[in-house]
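Per-entry structural report
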Amino acid sequence: MIALRSTLAGRIFLTAASTVILLFLALPIVLIVVTSFGKDAFGTFPPDSWTLGWYKVLFADGSKWPAALSLSALIASLTTGFSLLLGVTAATALVRSNLPLRSAVYGLVLAPLVIPQVVIALGLFLLFEPAAMLGSPIAIALGHTVLASPIAVMILMATLKGIDERLEDAAASMGANRLTVARRITLPLAMPGMIAAAVFSFITSFDEFFISQFLSSVDTTTLPVQVFNVLQFDVDPSVTAISAVLIAIAVLALVLVAAVRRLGGGAKQDGLLPTEPAVGLSTGSETS
């Protein structure tokens, strides 16, 4: 890679290859957004004429999309709260304590990211069905937390490792208790990472399908499940409009994360998502 960058031909090749890969990844998104403004009911590309009619259909009287959208937003908000609570607790224990078998615990925390989602969804169904909780937004949010909390843990672990522990030690040496240190020192410094963890947890929940499909009911249908139900029996062009709305929400969330990193001291948050299999887990805390 270094040899390619050192020559003009290598730089041209890398630029061309990167452009092709980015276009390949972005092309489906562009097609969905452009098609959502087309007047053709079959969603042809490029559209012969343009309209905002499909966006009006989303919020017309009798439409099921607003209820599904509001339910997904509610569940995603609950999931965000649960994930932050678990993420802060787990990240603090993994980074700032002498937790026994930390590598094993870290692997257990990340396990939902590698286990097939349909398997997790089936397990959650067998868990909540005897408790008569199927269709409950709380149950769906708890199920989404299984997938969102590992992402929150990774982000918050990287955030905590970027905070100079000498600041906390200095506050403690001046008589501050642990709660005061956490409230006045740790949490303000970790706020950019917490906001990033919240945003990614929200997106993870908002777009989750398998768990929602297994745990939802007729009266509680999330947005991804509603999209699946509509496309299963018919070709509804309003699906392209709601898909464009989902894309816009995801883009706005990523812009928010970038803005928080820039305004909140992004130099300490360059590695929000650690790629090491057990970052900082083989040794004790950094103050030891």
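Everything here concerns the structure above.
Please read these numbers as outputs of a predicted model, since none were measured by experiment. (Residues numbered from 1 in each chain as written. Predicted model: local features only at pLDDT ≥ 70, side-chain atom pairs only at ≥ 80, totals over all residues. Heavy atoms only, no water.)

Examining the packing of helix 2 (residues 8-35) against helix 12 (residues 238-263)
Running from N to C, helix 2 and helix 12 cross one another at 125°; their axes reach a closest spacing of 8 Å. One way to sum up the angle between helix 2 and helix 12 is to call them oblique. Note that helix 2 runs across helix 12; the crossing there is left-handed. Contact residues: Ile-29, Ile-32, Val-33 and Thr-35 in helix 2; Thr-240, Ser-243, Ala-244 and Ile-247 in helix 12. By residue class, the composition of the contact of helix 2 with helix 12 is five nonpolar, three polar and no charged. (Axes fitted to C-alpha atoms, helices over the stretch in contact; angles between N-to-C directions. Helix = DSSP H or I, 4+ residues; strand = E, 2+ residues; numbered from the N terminus. Parallel < 35°, antiparallel > 145°, perpendicular 65-115°, else oblique. Left-handed = near helix turned anticlockwise from the far one by under 90°. Contact = heavy atoms within 4.5 Å. Nonpolar A, V, L, I, M, F, W, Y, C, P; charged D, E, K, R; others polar.)

What about the packing of aromatic side chains?
Under the definition given, this model contains four aromatic pairs. On the basis of an interplanar angle of 15° and a centroid distance of 5.7 Å, the ring pair of Phe-202 and Phe-206 is categorised as stacked. Of this pair, Phe-202 and Phe-206 both sit in helix 9 (residues 178-206), four residues apart, which is roughly one turn of that helix. Taking the relative accessible area as the measure of exposure, Phe-202 reaches 24% and is therefore partly exposed. Classification of Phe-206 as buried rests on a relative accessible area of 4%. Plain terms: the ring middles of Phe-209 and Phe-210 are 5.5 Å apart, the flat faces sit at 65° to each other, and that makes the pair edge-to-face. Here Phe-210 falls in the partly exposed class, since its relative accessible area comes to 37%. (Phe/Tyr/Trp six-rings, centres within 6.5 Å; stacked < 30°, edge-to-face > 60°. Buried < 20%, exposed > 50% of the residue type's maximum accessible area, 1.4 Å probe, protein only.)

Re the nonpolar core
Among the nonpolar cores identified, the biggest contains 24 residues, and Tyr-106, Met-157 and Ala-197 are the most heavily contacted of them. Of all the secondary structure elements, the ones that give two or more residues to this core are helix 4 (65-96), helix 5 (102-114), helix 7 (137-161), helix 9 and helix 12. Of the residues forming this core, the biggest block, eight residues, is contributed by helix 7. (Core = buried A, V, L, I, M, F, W, Y, C linked by side-chain atoms within 4.5 Å.)

Things to note about unusual backbone geometry
Residue Leu-101 is not a glycine yet carries a positive backbone phi of 55°. Checked against the element boundaries, Leu-101 lands in the loop between helix 4 and helix 5. Given the relative accessible area of 70%, Leu-101 is considered exposed. Even without a glycine there, the phi angle at Ala-132 is positive, about 55°. Of note, Ala-132 is situated in the loop between helix 6 (117-128) and helix 7.

Re the pattern of salt bridges
Taken as a whole, this structure holds three salt bridges when the rule is applied. Here Glu-165 and Arg-96 are joined by a salt bridge, their closest N and O atoms 3.5 Å apart. Residue Glu-165 is found in helix 8 (residues 165-173), and its partner Arg-96 is found in helix 4; the two are separated by 69 residues along the sequence. When its relative accessible area of 9% is taken as the criterion, Glu-165 is described as buried. Notably, a salt bridge pairs Arg-96 with Glu-168, separated by 2.7 Å at the nearest N-O pair. Of this pair, Arg-96 sits in helix 4 while Glu-168 sits in helix 8, and the two are 72 residues apart along the sequence. (Salt bridge = Lys/Arg side-chain N within 4 Å of Asp/Glu carboxyl O.)

Just distances and angles here, no functional claims.
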